[in-house]
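Chain residues, written in single-letter form:
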Amino acid sequence: MNSIVDRDIKPSSETSDIKEEKLAKGAKKRQNGKKPRRRRFDAKEQLAQERKERYDKLLHQARKSLNQQAKVAKSFECAKLVRKLKSNGNEDVLQNRLIQLKQISLQNVVQIAIQRLGILNLDPDFSTSIETKSQNNPEEEILMEKLLSHKRIVGCIEEWNDKVTQYRRWYLQRQDSVHGNKFDSTARPKTQKKGKKIERERTFC
């Protein structure tokens with residue numbers, strides 16, 4: 001009989017100990033009438049995360065768009081050389097130029113266009129911001145520049161130049177808002193008023 005009673009009593013004593021521990025913890029948290037502080041929302045961390053996401057999206061979309069236009073430009077230039085070969089005969093110079101043009105990597109063309117846009121300089125991690133020097137021979141560099149000067153790629157670069165400018169403005173505005181400053185994109189440098197110039201001239205006279 002006693003063993004049954006002991007079994008019934010032990011759980012109640014354990015629960016009372018747990019309640020006392022919880023009450024003690026609650027009392028510590030409510031010392032001086034203050035509630036436990038929550039972790040403050042860090043605007044700088046959010047800006048860094050948002051900046052990284054927007055940069056990755058900008059870089060990915062720019063590479064995709066430039067790769068499409070570089071592919072079109074390369075096929076157009078190859079077809080142009082093929083027509084010249086058919087009309088002028090199998091000339092060695094044109095044949096070698098066609099072979100070199102076909103060997104040009106679209107990835108290299110896109111990388112040069114990305115560097116000229118300055119997108120890599122906006123990388124928050126600074127992991128891909130180092131420019132690599134091209135090791136192409138002079139003939140390949142001429143063909144590369146010809147591709148980059150194609151109207152398809154030039155138009156694409158101009159379009160993405162505007163988007164890069166929009167990204168820069170967005171980041172400056174968000175950075176100033178986090179630090180409590182006001183960013184005015186239409187602000188112009190202060191110029192001296194004409195009235196002051198006239199007054200100074202009169203004083204010298």
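Residues numbered from 1 in each chain as written. Predicted model: local features only at pLDDT ≥ 70, side-chain atom pairs only at ≥ 80, totals over all residues. Heavy atoms only, no water.

1. What to know about the nonpolar core
Consideration 1: Counting residues in each nonpolar core, the largest one holds 36 residues, and the members touching the most others are Val109, Ile114 and Ile119.
Consideration 2: Of all the secondary-structure elements, those providing two or more residues to this core are α2 (43-88), α3 (92-103), α4 (106-117), α5 (138-148) and α6 (151-179).
Consideration 3: Those residues in contact with Ile114, other than ones at most four positions away along the chain, are Leu59, Ala62, Arg63, Leu66, Ile119 and Leu120. (Core = buried A, V, L, I, M, F, W, Y, C linked by side-chain atoms within 4.5 Å. Buried < 20%, exposed > 50% of the residue type's maximum accessible area, 1.4 Å probe, protein only. Helix = DSSP H or I, 4+ residues; strand = E, 2+ residues; numbered from the N terminus. Contact = heavy atoms within 4.5 Å.)

2. Observations regarding the packing of α2 against α4
Consideration 1: Running from N to C, α2 and α4 point in directions that differ by 125°, and their axes come no closer than 9 Å. The orientation of α2 relative to α4 falls into the category oblique. Helix-helix and strand crossings are classified by hand; for α2 and α4 the assignment is right-handed. Contacts between α2 and α4 pair Leu59, Ala62, Arg63, Leu66, Asn67, Ala70, Lys71 and Lys74 from the former with Leu106, Val109, Val110, Gln111, Ala113, Ile114 and Leu117 from the latter.
Consideration 2: Looking at the contact of α2 with α4 residue by residue, the classes come out as 10 nonpolar, two polar and three charged. (Axes fitted to C-alpha atoms, helices over the stretch in contact; angles between N-to-C directions. Parallel < 35°, antiparallel > 145°, perpendicular 65-115°, else oblique. Left-handed = near helix turned anticlockwise from the far one by under 90°. Nonpolar A, V, L, I, M, F, W, Y, C, P; charged D, E, K, R; others polar.)

3. Quick look at the packing of aromatic side chains
Consideration 1: Taken as a whole and assessed by the stated rule, the structure comprises two aromatic pairs.
Consideration 2: Plain terms: the ring middles of Tyr167 and Trp170 are 5.9 Å apart, the flat faces sit at 35° to each other, and that makes the pair tilted. Placement of both Tyr167 and Trp170 in helix α6 is noted, with a separation of three residues, approximately one turn of the helix. In this structure, Tyr167 and Trp170 share a single accessibility class: buried.
Consideration 3: Taking 6.5 Å as the distance between ring centres and 45° as the angle between the ring planes, the aromatic pair formed by Trp170 and Tyr171 counts as tilted. This pair shows no difference in class: Trp170 is buried, exactly as Tyr171 is.
Consideration 4: Taken together, the ring pairs in this structure connect Tyr167, Trp170 and Tyr171 into an aromatic cluster.
Consideration 5: In this arrangement the basic side chain of Arg51 is found over the ring face of Tyr171, its NZ or CZ atom lying 4.3 Å from the centre.
Consideration 6: Stacked on the ring of Trp170, the Lys or Arg Arg54 has its end atom at 4.2 Å from the ring centre. (Phe/Tyr/Trp six-rings, centres within 6.5 Å; stacked < 30°, edge-to-face > 60°. Lys NZ or Arg CZ within 6 Å of the ring centre and 35° of its normal.)

4. Re the pattern of salt bridges
Consideration 1: Applying the stated criterion across every chain, the model contains seven salt bridges.
Consideration 2: Between Arg97 and Glu139 there is a salt bridge, and its shortest N-O distance comes to 3.6 Å. Of this pair, Arg97 sits in helix α3 while Glu139 sits in helix α5, and the two are 42 residues apart along the sequence.
Consideration 3: Overall, the relative accessible area of 29% leaves Glu139 in the partly exposed class. (Salt bridge = Lys/Arg side-chain N within 4 Å of Asp/Glu carboxyl O.)

5. Structural notes on the packing of α4 against α5
Consideration 1: Here α4 crosses α5 at 65°, and the two axes come no closer than 10 Å. Crossing angle aside, the handedness with which α4 passes α5 is right-handed. Judged by residue contacts, Asn108, Val109, Ile112, Ala113 and Arg116 of α4 engage Met144, Glu145, Leu147 and Leu148 from α5.
Consideration 2: For the contact of α4 with α5, the class distribution of residues is six nonpolar, one polar and two charged.

6. Considering a positive patch on the surface
Consideration 1: Positive charge collects at one region of the surface, where Lys80, Arg83, Lys84 and Lys146 lie side by side.
Consideration 2: Sort the elements by how many residues they give to the positive patch and α2 lands first, with three residues.
Consideration 3: Structurally, Lys80 is set in helix α2.
Consideration 4: Owing to a relative accessible area of 32%, Lys80 belongs among the partly exposed residues under this scheme. (Patch = residues over 30% accessible without salt bridge, like charges linked within 9 Å, V, L, I, M, F, W, Y side chains within 5 Å. Areas by Shrake-Rupley, 256 points an atom, 1.4 Å probe, with all protein chains shown as cover. Lys, Arg positive; Asp, Glu negative; His and termini not counted. Charge placed at Lys NZ, Arg CZ, Asp CG, Glu CD.)

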